[in-house]
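Given next are the chains, with one letter for each unit.
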Amino acid sequence: MRAKGAEMAGKDCVRVAVRVRPFNKREKDAGSRCVVSMCSNTITTQDPRNQHVRHTFTFDYAYWSHSGYTQNKNGLFLPEESGGRYADQGSVFKDLGQGILDNALQGYNATLLAYGQTGSGKSYSMVGYGPNKGLVPTLCERLFEAVKVSQDSRQCQVFFSMLEIYNEQVIDLLSKGSRSPGGLRVREELQRGFYVEGLRRVPCDSATQVEQLMEQGTRTRTTAATHMNTNSSRSHMLIIVQFKQIFSKENITKQSNINLVDLAGSERQRSSGSEADRLKEGTAINLSLTTLGNVISSLADAALGKKVVHIPYRDSILTKLLQSALGGNSRTVMIATLSPADICYEESLSTLRYAERAKRIQNKAVVNESPTERLVKELKAENARLLARLSRLGPEGRRASDDESKELRRLLTHNELQIRAIQTLWEQHLQEALKDWETQYATITQERRMMQTHPYILNINEDAQLSNVVKLFIQEGDWDVGLAESTPTSICIRGLGIQERHAVFTNEDRRVSVTPVGDAKVTVNGASISHRTELQHLDRLILGSNSTYLFIGLPSERRGDDWSRYDYDFFQSERAAAEGIHINSLCDEQNEGDSNVESSQTDPSLLAVFYDYIKLMPMVTEANQMSQELKKGVEFKLEIKNLAMSDSRGHDLEKEIVVRVTSVESKQVWIWSKAKFINRKFLMEEVYQQQVGSGEGAGGSPLPRDRDPFWDPLEPLHLGSAHLWLQSLAFRIPLEEQVEVLGPEGTEEAILQAQLVPCSSTGLPLGEEDILIDPTELLGKRLDFQLLLEQCCGLRWLRKAKNRGIQIGFRMYDCPQTFYTPAVWHNVNPLLDQRVQFTALRTSQDLLNYLQSSALVLELWGLQEGCADMVTSLEGLRMTPGGSFIMDKVSFSEASVLDSPPSDLSSSLKALHQDVEQLRSANAALRKENSVLRDQLSRGVDSGRGRTERRGSLRPSSDAEFARALKVFYHSMTSVRGQLQRLRRHKPSEEADLLGLRLFVDEQGRLLRDFGEQLEQCVTTLKQDVAAIVRRKRERSGIWS
Ligand SMILES: Nc1ncnc2c1ncn2[C@@H]1O[C@H](COP(=O)(O)OP(=O)(O)OP(=O)(O)O)[C@@H](O)[C@H]1O
Ligand SMILES: [Mg+2]
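Anyway, here's the lowdown on the structure attached to this text.

The rules we used
Here the residue index of a chain counts from 1 through its sequence in written order. Labels follow written order: the first chain is A, the first ligand is 1, and so on. Reporting of local features is limited, given that this is a predicted model, to residues whose pLDDT is at least 70; pairs of side-chain atoms are given and counted only at 80 or more, and all residues count toward the totals for whole chains, interfaces and linings. To obtain the side-chain values, all non-hydrogen atoms of the structure were used and water was disregarded. For helices the rule is a DSSP run of H or I covering at least 4 residues; for strands it is a run of E covering at least 2, with both sets numbered from the N terminus onward. Relative accessibility decides the category of a residue: with a 1.4 Å probe and only protein chains considered, values under 20% of the type maximum give buried, values over 50% give exposed, and everything between is partly exposed. Two residues form a contact once any of their heavy atoms are found within 4.5 Å. Each accessible area is a Shrake-Rupley estimate made with a 1.4 Å probe; only the visible protein chains count as cover when residues are assessed. Whether a residue is near a molecule or strand depends on its heavy atoms: it is near if one of them lies within 4 Å of it. The definition of a polar contact used here is a pair of N or O atoms within 3.5 Å, where within protein one atom must be able to donate a hydrogen and the other to accept one, and adjacent residues in sequence count solely through side-chain atom pairs. Residue polarity is assigned by list, with Asp, Glu, Lys and Arg as charged and Ala, Val, Leu, Ile, Met, Phe, Trp, Tyr, Cys and Pro as nonpolar; anything else, Gly included, falls into the polar class. By definition, a salt bridge exists where a carboxyl oxygen of Asp or Glu is found within 4 Å of a side-chain nitrogen of Lys or Arg. In summary, the pairing rule links any two rings of Phe, Tyr or Trp, Trp by its six-membered ring, whose centres are within 6.5 Å, and it sorts them by plane angle into stacked for under 30 degrees, edge-to-face for over 60 and tilted for everything else. Two limits define a charge over a ring: the Lys NZ or Arg CZ must be within 6 Å of the ring centre, and within 35 degrees of the ring normal. Criterion used throughout: strands pair if DSSP finds at least two bridges between them. Interaxial angles span 0 to 180 degrees and are taken between N-to-C directions of axes, which are lines fitted to C-alpha atoms, for helices over the stretch in contact. The directions considered for the arc are those from the helix axis to the C-beta atoms. Any angle from 65 to 115 degrees is called roughly perpendicular, while one under 35 is roughly parallel, one over 145 is roughly antiparallel, and all others are oblique. Each crossing is labelled by how the near helix is turned from the far one, with a counterclockwise turn of less than a right angle marking it left-handed and a clockwise turn marking it right-handed.

For the protein chain, the count of helices and strands is 24 helices and 46 strands. Relative to its 1041 residues, the protein chain shows a buried fraction of 50%. Pairs at least 24 residues apart make up 70% of the contacts formed inside the protein chain by residues separated by at least 6 positions. Total accessible area computed for the protein chain in this model is approximately 49400 Å², and 51% of it derives from carbon and sulfur atoms.

Close contacts around ligand 1 come from 16 residues, with G119, K122, S123, Y124 and Y129 the closest. One of the backbone nitrogen or oxygen atoms of G121 is found 3.0 Å away from an oxygen atom of ligand 1. Within the side chain of Y129, an N or O atom sits 2.4 Å from an oxygen atom of ligand 1. The fraction of the free accessible surface of ligand 1 (620 Å²) that becomes covered by protein chains is 84%. The biggest single contributor to the shell around ligand 1 is helix α3 (residues 122-126), with three residues. Looking at the shell around ligand 1 residue by residue, the class counts come to three nonpolar, nine polar and four charged.

Right, let's get into the pattern of salt bridges. What the rule picks out here adds up to 27 salt bridges. We note a salt bridge from E141 to K133, for which the minimum N-O separation is 3.6 Å. Relative accessible area serves as the criterion here: at 32%, K133 is assigned to the partly exposed category. In this structure, the salt-bridge partner of D712 is K676, at a minimum N-O distance of 2.6 Å. Here D712, found in the loop between α16 (674-693) and β37 (717-725), pairs with K676, found in helix α16; they are 36 residues apart in sequence, far enough to count as distant. One exposure class covers both D712 and K676, and it is buried.

With that out of the way, let us pick up the packing of aromatic side chains. Considering all chains together, one arrives at 19 aromatic pairs under this definition. Aromatic pair F810 and F819: ring centres 5.6 Å apart, planes at 10°, arrangement stacked. A residue is classified by how much of its surface remains accessible, and F810, at 2% relative accessible area, is buried. Taken together, F785, F810, F819, F838 and F885 form an aromatic cluster joined through their ring pairs. The ring of W672 carries the charged tip of R680 above its face, separated from the ring centre by 4.9 Å. Above the ring of W797, the side-chain terminus of R804 is found at 3.7 Å from the ring centroid.

With that out of the way, let us pick up the sheet that holds strand β36 (residues 669-673). With antiparallel pairing, the three strands of this open sheet are ordered in space as β34-β35-β36. With partners counted over all chains shown, the strands left at the sheet margins are β34 (634-641) and β36, one partner each. Geometrically, the sheet is characterised by an average inter-axis angle of 30° between neighbouring strands, direction not taken into account.

Turning our eyes to something else, we now look at the sheet that holds strand β24 (residues 471-473). The strand order across the open sheet formed by six strands is β24-β23-β33-β32-β29-β30, and the pairing between neighbours is antiparallel. Because the sheet does not close on itself, it has two edges, and the strands there are β24 and β30 (527-529). Put simply, the sheet's adjacent strands are angled 30° from each other on average, direction ignored. Pairing between strand β23 (residues 456-459) and strand β33 (residues 547-552): four bridges, direction antiparallel. Following the sheet pairing, Y456 is matched in β33 by I552. The strands that helix α12 (residues 568-578) touches are β32 (540-543) and β33; relative to β32, the one it contacts most, it runs at about 80°.

With nine of 10 residues buried, strand β45 (residues 855-864) lies mostly within the body of the structure. Both β37 and β45 contribute to a ladder of eight bridges, which runs antiparallel. Pairing of S721 across the sheet is with E859, part of β45. In this structure, strand β41 (residues 804-810) lies alongside β45, joined through six bridges in antiparallel fashion. Across the sheet, the residue bridging to Q807 is W861, located in β45.

What follows covers the environment of L260. Positionally, L260 belongs in strand β19 (residues 252-262). With 72 residues separating them along the chain, L260 and T332 place their C-alpha atoms 10.0 Å apart. Contact partners of L260, with chain neighbours within four places excluded, come to L112, M126, V136, L139, M237, L238, I239 and V241.

Our next topic: helix α19 (residues 845-853). Along α19, the residues that are buried comprise L847, L848, Y850 and L851. Considered in projection along α19, the buried side chains sweep an arc of 160° and stay on one side of the axis. Looking at the buried residues of α19, the elements they touch are α17 (727-730), β40 (783-793), β44 (831-840) and β45.

Moving on, we get to unusual backbone geometry. We note that N468 has phi near 60°; this positive angle belongs to a residue other than glycine. What makes N468 partly exposed here is its relative accessible area of 42%.

As a further point, take the packing of helix α2 (residues 89-106) against helix α4 (residues 135-148). A pair of packed helices is characterised by two quantities: the angle between their axes and the separation of those axes. Packing of α2 against α4 brings their axes to within 10 Å, and their N-to-C directions diverge by 45°. Judged by the inter-axis angle, α2 sits oblique to α4. The interaxial crossing formed by α2 with α4 has right-handed handedness. Here V92, F93, L96, G97, Q98, I100, L101 and L105 of α2 come into contact with α4, specifically with L135, T138, L139, R142, L143 and A146. Class assignment for the residues of the contact of α2 with α4 results in 10 nonpolar, three polar and one charged.

Another point: the pairing of strand β38 (residues 735-742). Of all eight residues making up β38, six are buried, and the element is well covered by its neighbours. Hairpin connection of β38 to strand β39 (residues 748-758): five residues between the antiparallel strands, including G746 at a positive phi of 95°.

Our next topic: the environment of I165. Mapped onto the secondary structure, I165 falls in strand β13 (residues 155-166). The exposure class assigned to I165 is buried, which follows from its relative accessible area of 2%. Placed 69 residues apart in sequence, I165 and R234 show a C-alpha to C-alpha distance of 9.0 Å. Once residues lying within four places of it in the same chain are set aside, the contact partners of I165 are S235, H236, S288, I317, L318 and L321.

Here it is in structure tokens:
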């Protein structure tokens, strides 16, 4: 088709709209905060963790659909008051839909793309829900209205197609025949560009017909999703409306292709894009979305004048089909949808950044008009030629070549017929489509009747658009449900983990029950069942790994209740609760020791963890099922990383969901991040699809390891951490501790014996006389100490399998590298015997603060046979000539200058030194008596007596006494800390009954009492020691004066 005025065409930028949806139930339950605000076309986000971090974006349109709305009796969402800021479906259509329609009527190609996170409202805007019709149905309605106007001057033809791109396969959602394996082919022609070969184009002449086709398409999409064994929405849906206007008088045809694209959730792209996974390139599921991002980025760069050599349209099916929409002959609009909730902040920001790039893209749209149908034109031209030849033959010639004349007339008649056929073809197609539609309509009417009379199960999908689409009726009698083909007494369902005969539904005496067959997995309201179970109206059923259905009871049981609350999230939360994971339990975990429970309950990061858990849980179940069926021998389990872990200052570490992968046979373990697992899950589906779909099953040719999504090379695992508090170093007090290494979920992984020994530059341990009372005395001076890692005891990691090893890793202050102890293998209580000396050449205030408020985090790393040890990299590490690691940034020469005191101070220093010596000797004499005193005090000796005794033991060196008191205090605090850790971990067993709970409470009470007493004792001892020292000091000064 010739594009008129191509040479004159200006550039159209892609227009971008942003729409903010209301909070969903999950966000409301979580008490989410709105972190997005809108003013005219400008949208601002606020970082929930730091309110001062704001980002502002401006777009062509911005729609506030978050608040200020009301629902009328028909279920329509409208602004609360007329002129209110709430943008309803109507107002979105007025800007975007009408624009597309106007463009189509003028003969421009038009594209509308919906982009955003899963559940952000793409389908709501594009397709709509119930009475709140989206852009596509309204656009079609208005298109047919426009068609009816001025029917005399033009004939209009509308063709409707609907397809899905899943895993780089094109599925025709309107196809009546069976699906071709591998999907439809995308071809390229010079004139047409890329197109889907064999895609069904249904001629339509009414909006109702289009709606019906969309319903049919959604149904196919839902069943396709179960065939693919997925319940999660990650396909792209593309509706193509071809609109042709034939102006017979002018002999002109205008044609517009309208692409309406509902993209898969944008986080799919991030899940593989950001993470370093060995197999990240392999996944086809994310390919279209990733490539779309790359195309948009390249085009945006090109628009900014950057040199862009190549636009990667050809890298994915989606971008091939959208080539004209992006940078080509189309007027394109993108609607970016967002949730304004704090937990979605990161995703929303990334959507806005994506949209920001898209708005720079420049297209070159032209009106697609041509003289009416080339073929008709050519036929007419041929007829004219034939007639001319006939007339040239004349009466003489005609007689002479009667045969030729006959042939010419036959050709003429044939051509005339063909012209007429072309013109009537449209009518015929239309009639056929209508007939087809009537059959379809009859099926739908019958289904509606059945819904009024029979109980049924209704599919619930992660994608709300695909929910409530499949209805399986349970008529009187027994019904086998499973993979086996439907018969008069059986119903065929598909899905991961569904058996040939999976369960029997019985409808008897107006009661419906379900009985699993064999060991088939059936869950009712979150709990697994093994026997016949009667179903109540609105019970939640999960068949196999994750085929979720809502049971709709007999009509008499239905009381106009609201079914919408039983969405996919509801099912998964119920299942998580049955596994003991509940948002409150997570909060409790975090709030231990936190008196301000209210404020931390809405911690968005913790909520995000909970929702990640809910989201990943069904995926883990599916992955386990695939592993089992493909005989991969690995098990997946969700874990919460850092649930009980803190950083070097004792602050909680950010929690995140990880997946523990265990090889059943070899007991090898891998820990995968959430993103890696999601990526792998997509790849597993591909493998599963290929092997099971093709009937190969587990017996198929094994995948090479480097392409196997179930396999990874072994790596050291972070098993847990222990905290060795450094405070005593600030007083030059040695510390000897047995610290507990706690795993991510608070389990005791091992006990580690460690020491911190203040020492001289040559490594000689300092004595008690070197203890400091005032740590600031260290400022500007050199500080040396040794860290001793002696032994690790009771390694849980080794108790589980002997062919394993461990290493300890830690990072000291400003040292640029993590230190690792050498690997030790095959021992539950391995000796480490590691001694490392550290030096601060000049103690700064910052280092002092570090020592006083931080712990050395000792990480326990688990090694497995075949994985490489971790080695300390020496890069950037500095050492003293004596072999001590320098942990501050001061240079040696600088430090030695500073270490030597200026000469004018030397005399006073000398004096001080003498003073200190004098105090030291006094201290030695005091030592013995002091320890007796402390013993008496800790035994709660009468204070009066204590006072007199102390009075009688006055000695000059009170600073040294103080230092000793501190030392005692630190040592006793070590056991107090141990007790606190025991308390934090002490939890009732999951199966505990009332008696069990009572015992737990008693035990908890006892632990608390012990803890309280120990703490009290430490503090009292310290207080009494200090008080005595102060008193003595006063008295002493009195004596001296
Ligand atoms: N503007 C809105 N007003 C009211 N409800 C909305 C709005 N946008 C979305 N919703 C609701 O939010 C839910 C999720 O929306 P929708 O199905 O459109 O998400 P989606 O972006 O298409 O997600 P997916 O990627 O899973 O397809 C639906 O229940 C829908 O009704
Ligand atoms: Mg959707």
